[in-house]
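Coordinate analysis (summary)
Each chain is listed here by its residues.
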Amino acid sequence: MKRIAILLLAVLLLAACVPTPEEEIVANKAEGRLEDLIDTDAVEAYALEDEARSLRSLLGAPETVQEELSSHVWGGTLHIDIDATVEIPDVSAFPVCLIGEKRFSAEQKERFVKSVLGDGPYYEFNRSIAERDDYKRCIERYQNIIEDLWNSPNGTMEEKQSWVNDMEVERNQFVRALQKLQVDETMHPWSGSFGDEHFGVASYDNSHATVYPDLISYERSGVVAEFYAMHHSICTDAEQQAAETAQAYLSERFDTVLVPMSISRMEDADGADGRLYDQSHTTYTVEFLPQYNGICCFPGETEHGSDTARQAAGYASDYSQQLPRERVEVYLYDGEVVGFTWYAPMEIQSTENENVTLLPFPKVMEIFRSHVFMNYYLDKLDGVESEDTITVRKVRLCYALIRKADSEDFYLMPVWDFALDAAWLSEDGAWHYETACVLSINTVDGSLVDRQIGY
């Protein structure tokens, strides 16, 4: 049964619930307290096969949480519907680690390049050939769309003609661009070195790999390697097969444990039932997140409601130094991996505590109830306070990046994310993947964490 919890303070004095910028609670306000807690002795390992001594049992965490909360916030009234599964990793320990930018050696870079481009010889990436191939792909794509429109059972002939006319206008732009393009077919030998901090290198057919400190990518020549559609949970057999193919591909090339979290399909992108997209090929993008010590590190964002309302309240967000958002996108075309991008690759530098003490789950819920309304802002409509409802679908114990003072490294810190309702519901009832949180709580010291900036 759902429980209505209304903060007594809000009932007695609504204005007292509205925080000023100085009152907003974030992590690391108590200098040294977090470090002191990290430096305490490691707790005994949890028992994976003993339910009474499992991580879930010792934290007192249920399988699900159902609650309804309401309170006054800046600009109006906020209702929070918690109808969530409580996700806890199946691990025997929850270490706190220092993590930083992954520094690939020259040998590792060479192995990566050979794994995607073969043993060479290697060439400089030929941009004019890539542009020519892009134009040809777009022309083919629109031609396939035109044929699909004519063969579609949907629409009258007049409607079909109108759709086809629009697609022909789009196609002809690429036809003209291709006619004007000057292509140098010469593939010049690669002049770089695997010891370079960043470089791009291509094979004889202009497939190419790129290595930067904050990005590694590969793209097969002649194939679309970026697809724009909404990500959702992996549900169907075909989606599961695509995820498994992508995971096997990554496992052959990298030591980092990467876990498939969501998927998108180009044919499902924004359009009239996909009619404006080429149906002659199947294109997937599978998103992976890193897993350290058997625990996922989510690049979540903290949802504060309206930015304009937050500014009106006098709070100036400083997101000039965004946290690294490590993730990998793998692109599949007709069942084959044709490219991937690994954003912000990271690695553990050291372990600060082998198994840190975590707050019990009831305490975490107390912190959530007492502070969630202090960090959410609503716009007033014509001077009248508004009302909004948000839904928490997942409460998950995971890793998050927390800034370490006077360091370029970050703590890999256990947090409880109260993850928001996803954007839309698929036909099979699966909620589409979403990383935004209404609140994240550092479960070592109980402080709140802004997931964009890491404190």
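Reference entry: report on the structure contained in this document. Note that the structure is predicted; figures quoted are calculated from it, not measured.

A few words now on the side chain of Ser221. As for its position among the elements, Ser221 is in the loop between strand S7 (215-219) and helix H7 (237-251). In this structure the side chain of Ser221 is engaged in a polar contact, spanning 2.9 Å, whose partner is the backbone oxygen of Asp205. Each residue touching Ser221, except ones within four places of it in the same chain, is listed here: Asp133, Asp205, Asn206 and Ser207.

This part takes up helix H4 (residues 106-117). Spanning twelve residues, H4 covers 16 Å between terminal C-alpha atoms, matching the ideal 16 Å at 1.5 Å per step. Three or more residues of H4 are buried, namely Lys109, Phe112, Val113, Val116 and Leu117. Buried residues of H4 fall within an arc of 105 degrees about the axis and therefore sit on the same side. Turning to H4, the residues buried within the fold contact strand S5 (199-202), strand S6 (208-212), S7, H7 and strand S13 (336-343). With its phi angle positive at about 85 degrees, Gly118 sits one or two positions after the end of H4.

Under the criterion given, the structure shown has 17 salt bridges. Notably, a salt bridge pairs Glu63 with Arg56, separated by 3.6 Å at the nearest N-O pair. Residue class for Arg56 comes out buried when judged on its relative accessible area of 19%. Close ionic contact of Asp134 with Arg137 constitutes a salt bridge, the shortest N to O distance being 2.0 Å. In this pair, Asp134 and Arg137 are both assigned in helix H5 (residues 127-151), three residues apart and thus about one turn of the helix distant.

Time to look at the nonpolar core. If you look at the biggest cluster of nonpolar residues, it comprises 66 residues, and the most contacted ones within it are Ile80, Phe368, Trp416, Phe418 and Val438. No other element matches the nine residues that strand S15 (residues 386-403) contributes to this core. Ignoring anything within four residues of it in the chain, the contact list for Ile80 reads Glu67, Glu68, Leu69, Phe368, Val372, Phe373, Ile390 and Val392. Residues Trp190, Val211, Tyr218 and Phe340 belong to the second largest nonpolar core, which totals 31 residues.

Attention now moves to a negative patch on the surface. Together, Glu101, Glu197, Asp214 and Glu408 give the surface a local cluster of negative charge. The residue Glu197 is located in the loop between helix H6 (157-180) and S5 in this model.

With that out of the way, let us pick up the side chain of Gln452. For Gln452, the position within the fold is in the segment after strand S17 (436-442). In this structure the side chain of Gln452 is engaged in a polar contact, spanning 2.8 Å, whose partner is the backbone nitrogen of Thr302.

Turning next to the packing of aromatic side chains. All chains considered together, the criterion is met by 16 aromatic pairs. Taking 5.3 Å as the distance between ring centres and 85 degrees as the angle between the ring planes, the aromatic pair formed by Phe94 and Tyr399 counts as edge-to-face. Of this pair, Phe94 sits in the loop between strand S3 (76-87) and strand S4 (96-101) while Tyr399 sits in strand S15, and the two are 305 residues apart along the sequence. Considered together, Phe94 and Tyr399 belong to a single accessibility category, that of buried residues. Taking 5.0 Å as the distance between ring centres and 65 degrees as the angle between the ring planes, the aromatic pair formed by Phe361 and Trp416 counts as edge-to-face. Linking Phe361 in helix H9 (residues 361-371) with Trp416 in strand S16 (residues 410-420), this pair joins segments that are 55 residues apart in sequence. On the basis of relative accessible area, Trp416 is assigned to the buried category, the value being 0%.

Excluding glycine, residues mostly carry a negative phi; peptide bonds, for their part, are mostly trans. Following Gly120, the chain continues into Pro121 via a peptide bond in cis, with omega recorded as 5 degrees. Relative to the elements of secondary structure, Pro121 occurs in the loop between H4 and H5. One non-glycine residue, Asp334, adopts positive backbone phi at about 55 degrees. Mapping Asp334 onto the fold places it in the loop between strand S12 (327-333) and S13. At Ala344, a residue that is not glycine, the phi angle is positive and equals roughly 50 degrees. Mapped onto the fold, Ala344 is located in the loop between S13 and strand S14 (346-353). Since its relative accessible area comes to 14%, Ala344 is described here as buried.

Cut-offs used in this document
- Residues numbered from 1 in each chain as written.
- Predicted model: local features only at pLDDT ≥ 70, side-chain atom pairs only at ≥ 80, totals over all residues.
- Heavy atoms only, no water.
- Helix = DSSP H or I, 4+ residues; strand = E, 2+ residues; numbered from the N terminus.
- Polar contact = N/O pair within 3.5 Å; in protein donor to acceptor, adjacent residues only side chain to side chain.
- Contact = heavy atoms within 4.5 Å.
- Expected span 1.5 Å × (residues − 1).
- Buried < 20%, exposed > 50% of the residue type's maximum accessible area, 1.4 Å probe, protein only.
- Arc of directions from axis to C-beta.
- Salt bridge = Lys/Arg side-chain N within 4 Å of Asp/Glu carboxyl O.
- Core = buried A, V, L, I, M, F, W, Y, C linked by side-chain atoms within 4.5 Å.
- Patch = residues over 30% accessible without salt bridge, like charges linked within 9 Å, V, L, I, M, F, W, Y side chains within 5 Å.
- Areas by Shrake-Rupley, 256 points an atom, 1.4 Å probe, with all protein chains shown as cover.
- Lys, Arg positive; Asp, Glu negative; His and termini not counted.
- Charge placed at Lys NZ, Arg CZ, Asp CG, Glu CD.
- Phe/Tyr/Trp six-rings, centres within 6.5 Å; stacked < 30°, edge-to-face > 60°.

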